[in-house]
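Next come the chains, spelled out residue by residue.
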Amino acid sequence: MGKSRRTIPEELLLLALDPTTGTTAQPQTLDLGLAGAQLVELSLAGRIVPDGDRIAVILARPTGDPTLDHALELLRRRGSPVRAAHWIGGPRLGLRQTYLAHLERCGMVAAVPGQVCGVLPTTRYQASDDCTNAAIKQRLDTAIRTGVPPDPRTAALAALAHAVGLGKHLYPGNEGRSSRSRLRDLIRYDPLGGMVAHAVMDVQNGLPAQQSRPSTTGRAPAARNGSVGSRGGSVAAAGRVGARTA
């Protein structure tokens, strides 16, 4: 996977980055969203497929992205399909810092050292190219404003942004209420993104994976040809996510 395209985890983190404070919005839930974003990106890269409410590796070949390849290897080591909620809520916290360091190495953000109260050291992060962040946000704005079905990457990004609570960061106040509602509704355009977003919110709400709602369509067979394949079994989850309020 070359770097001609930003990955969904990278874009989610850039959306969360506050240009004024140099910190990320929703830090408590962003790790979960980044873990979910990795699943969506790996699926789009043809490495994994949804298998009901589980994730199955169908191609273990590295993507060329070190953060995604680490996640892919961890999934491969499981040896059998893993529930999305188990993966997202697993003991792999710290993804926010991992991706901040990754974006710094890639030149997408710059680390700015500072101090809190003149004593405690801290680090702020500034996007290296404000146009990049604006372009990411513009994709969401366009989908919200026009109602035209977005591409799968934008739909998945919207689903994850909603799941981790970035709606109020991106569209604040009462004036942003309708935009937050429409952001949530974009989930229906990407079933896998909706399923993953649903798993993110279940983990936030403390629901163990074994209590996850059963799919009304049953478990879909994993594809065998190395392609992304069918996303059957996740449409129902996407519909449930879309029913949630902003």
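Now for a quick tour of the structure. (Residues numbered from 1 in each chain as written. Predicted model: local features only at pLDDT ≥ 70, side-chain atom pairs only at ≥ 80, totals over all residues. Heavy atoms only, no water.)

In this section: the overall build of the chain. Each helix and strand in the chain was counted, giving eleven helices and five strands. Every one of the 246 residues in the chain was classed for burial, and the buried ones make up 48%. Pairs at least 24 apart in sequence give 71% of the contacts found in the chain among residues at least 6 apart. Surface exposure of the chain reaches about 11,300 Å², of which carbon and sulfur atoms provide 53%. (Helix = DSSP H or I, 4+ residues; strand = E, 2+ residues; numbered from the N terminus. Buried < 20%, exposed > 50% of the residue type's maximum accessible area, 1.4 Å probe, protein only. Contact = heavy atoms within 4.5 Å. Areas by Shrake-Rupley, 256 points an atom, 1.4 Å probe, with all protein chains shown as cover.)

Turning our attention to the nonpolar core. Formed by 60 residues in total, the largest nonpolar core has its most connected members in Leu12, Leu39, Ile88 and Leu166. For this core, the element with the most residues is helix H2 (residues 27–44), which contributes eight residues. (Core = buried A, V, L, I, M, F, W, Y, C linked by side-chain atoms within 4.5 Å.)

Attention now goes to unusual backbone geometry. One non-glycine residue, Gln26, lies in the positive phi region at around 50°. With respect to the helices and strands, the residue Gln26 is situated in the loop between helix H1 (8–16) and H2. When its relative accessible area of 32% is taken as the criterion, Gln26 is described as partly exposed.

Turning our attention to H1. Of all nine residues in H1, nine are buried, a share of seventy percent or more. Within H1 the residues assigned to the buried category are Ile8, Pro9, Glu10, Glu11, Leu12, Leu13, Leu14, Leu15 and Ala16.

Further remarks concern the sheet that holds strand E3 (residues 82–83). The antiparallel open sheet is built from three strands, whose spatial order is E1-E2-E3. Strand pairing shows two members of the sheet lacking a second neighbour, strand E1 (48–51) and E3, which therefore form its edges. Of the pairings in the sheet, the one linking E1 to strand E2 (residues 54–57) comprises four bridges and is antiparallel in character. Residue pairing across strands places Val49 opposite Ala56, the latter belonging to E2. In the packing of helix H3 (residues 66–78) onto the sheet, contacts are made with E1, E2 and E3, and the angle to E2 comes to roughly 95°. (Pairing = 2+ DSSP bridges. Axes fitted to C-alpha atoms, helices over the stretch in contact; angles between N-to-C directions.)

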